[in-house]
Amino acid sequence: MRFDKNQPFISITAILAFLGVGVGVMVLIVAMAIMNGMSKEFEKKLFVMNYPITLFATSNKGISENILQSLEERFPNLLFSPYLRIQSVARANGIMSAGIVFGVNIEKEAKINEVFAKALEGVDIEDFYQDKFSLIVGEGLEESLMLQKDSKLSLFFTKLEPTGLTFSPTMKRFDVKGFFDSGLKAYDTSYIYTNLSAIAAIKNIAPGIYDGIHIFSKDPMNDINKIKQALLEIPNFGIEAEGWWQQNGNFFAAMALEKRVLFIILMLIILMASLNIISSSLMVIMNRRKEIALLLSLGATAVEIKKTFFWLGNFIGIGGILLGIILAMLVLYILSTFPVISLPVDVYGISRLPIDLSLLDFFSTIIGAIIIVCISSYYPAKKASKINILSVLRNE
C-alpha cells in the first residue's frame, strides 16, 4: 500500500478503486432512500383517499344498516364509515367538470379520513347537517370552477327523471361549505363529499341502505380475511371486500420493479469500481513477485500469501464502503434538512424530496458491496499464491 515512486500508477489505481467503491455505495444508498421515500409518500396519499379496506355491494340491494351494526359489534377495534356513491357533472360559472359524489356520515368519515377531517375544521358541522345539500369539494375543483365558500354548485347526476316526453339527468344545486387538499390533483378535481341523506334522496334509496363501507384498520391485510369470514356468517345479498393494495396493485408492483432494477443497475457501479481492485492488486503482485517468491522459499505457505493479498483487496474495498456510508449519510442529511431539490406540488403532491432509508435497503447495499469486493479480492490473491518460486528466483 506504500506509495512507490517508481510505480506510481499502482497507487493511483488503488485510490481510484477506493473512491469508485465509495461513490458507488453512496449513490446506491441515496437512490434507495429516495425511491423508498417516494413509494411511501405515494402509498400514504393513496392510503388516505382509498381507505385500508372497502366493502361494496355486488347487487342492487346494497348493504343494510343491520350488516354494518353486526360488523361494528364483531370488530370494535375497526372504524366503519358507510357511503353512497354516484357519478355527476359539476357546473359553475359556465364551466363543467365530471366527478364522483360520495354521500357519507360526516362524523364517521372524519375519523378515518384525515384529509376530510382537516377540511371540516372551518365548517359549522351543525349547519352542514341542517342543510343536507352541502358539499366539501377538492381545491382542484375549487380552482377550475372558480368556487368560493358558500358558492352555489349545480350537479347533474347520471340518474334520469322524466320531463315531459323525454328523460333528463337529475339536477340539484348544492352549497359549497369547505375544501379539502389531498395532495393529489386527480382526487382534488374529481371527489366531492356530501351528506348520506342527500345522495339517498337523489338515488331514491331508503335510509339505512348503502353502496359500500369504508373501513380503517391498522393491519388490513390480516383483518380483511377476518371480515370476509364474518360476511359468510352474516346473511347478505352479495358483498365483496377489497384492500387498498388490491386497488392499486399494478402501480405499486411497477414501483417495486423499478426499485429492484435501479438497485441492480447501480450495483454495477460498485462492480465496475471493483475491477480497479483487481487491476491494482495484480500490479502489486507483479511488482512484488521477488518478495513473494522469497517468502515462499523461507517457509510461508500459499494460504498465508493468499490471505495477505486477499485482505489487501478487502482493505481497499471495505475502506471504500465505509467512505460511501459516511458520504451517503451526509448527502441524506443535507437533502432532508435543506431545500436543495424542490418538487412541483401539483405534480407530486409534495414540495420537498422525501427521504426514507429502510434497514433492508441499507444492509442489502452493504452486503452486496462486500460480496463484490471479496470476489474481486479473491482472484488476485489466488494468482499470488500460484507464483512459481524457482522461475522467479532464477530469473529475477
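To be clear, the structure that these remarks concern was listed above.
Keep in mind that what you see is a predicted model, and the values were worked out from it rather than measured.

Quick notes on the rules
- Residues numbered from 1 in each chain as written.
- Predicted model: local features only at pLDDT ≥ 70, side-chain atom pairs only at ≥ 80, totals over all residues.
- Heavy atoms only, no water.
- Salt bridge = Lys/Arg side-chain N within 4 Å of Asp/Glu carboxyl O.
- Helix = DSSP H or I, 4+ residues; strand = E, 2+ residues; numbered from the N terminus.
- Buried < 20%, exposed > 50% of the residue type's maximum accessible area, 1.4 Å probe, protein only.
- Core = buried A, V, L, I, M, F, W, Y, C linked by side-chain atoms within 4.5 Å.
- Contact = heavy atoms within 4.5 Å.
- Patch = residues over 30% accessible without salt bridge, like charges linked within 9 Å, V, L, I, M, F, W, Y side chains within 5 Å.
- Areas by Shrake-Rupley, 256 points an atom, 1.4 Å probe, with all protein chains shown as cover.
- Phe/Tyr/Trp six-rings, centres within 6.5 Å; stacked < 30°, edge-to-face > 60°.
- Lys NZ or Arg CZ within 6 Å of the ring centre and 35° of its normal.

Observations concerning the pattern of salt bridges
Here comes step 1: Throughout the structure, instances matching the rule amount to seven salt bridges.
Here comes step 2: Salt-bridge contacts for Lys108 lead to Glu72; the nearest nitrogen and oxygen are separated by 3.2 Å. Note that Lys108 is positioned in helix 3 (residues 106-112) and Glu72 in helix 2 (residues 65-74), a separation of 36 residues in sequence.
Here comes step 3: Assessed through its relative accessible area of 27%, Glu72 is described here as partly exposed.
Here comes step 4: As a salt-bridge pair, Glu233 and Arg74 come within 2.6 Å of each other at their nearest N and O atoms. Residue Glu233 is located in helix 9 (residues 220-233), and its partner Arg74 is located in helix 2; the two are separated by 159 residues in the primary sequence.
Here comes step 5: The class for Glu233 is partly exposed, based on a relative accessible area of 47%.
Here comes step 6: Residue Arg74 is classed as partly exposed on the basis of its relative accessible area, which comes to 41%.

Quick look at the nonpolar core
Burial of nonpolar side chains together is a common tendency in soluble globular proteins.
Here comes step 1: Counting 42 residues, the largest nonpolar core has Leu55, Leu71, Val137, Leu153 and Leu155 as its most contacted members.
Here comes step 2: Leave out the neighbours within four places in its chain, and Leu71 touches Leu55, Phe80, Ala230, Leu231 and Ile234.

Structural notes on a nonpolar patch on the surface
Here comes step 1: A cluster of nonpolar residues, Leu330, Tyr333, Ile334, Phe338, Val340 and Ile341, forms a patch on the protein surface that exposes about 570 Å² of accessible area.
Here comes step 2: Tracing the backbone shows Tyr333 in helix 13 (residues 302-337).

Quick look at the packing of aromatic side chains
Here comes step 1: Enumeration according to the criterion identifies 11 aromatic pairs in this entry.
Here comes step 2: The structure contains a cluster of three or more aromatic residues connected by ring pairs, namely Tyr83, Phe102, Phe116, Phe180, Tyr187, Tyr191 and Tyr193.
Here comes step 3: Above the plane of the ring of Phe133 lies Lys172, whose end atom (NZ or CZ) is 4.3 Å from the centre.

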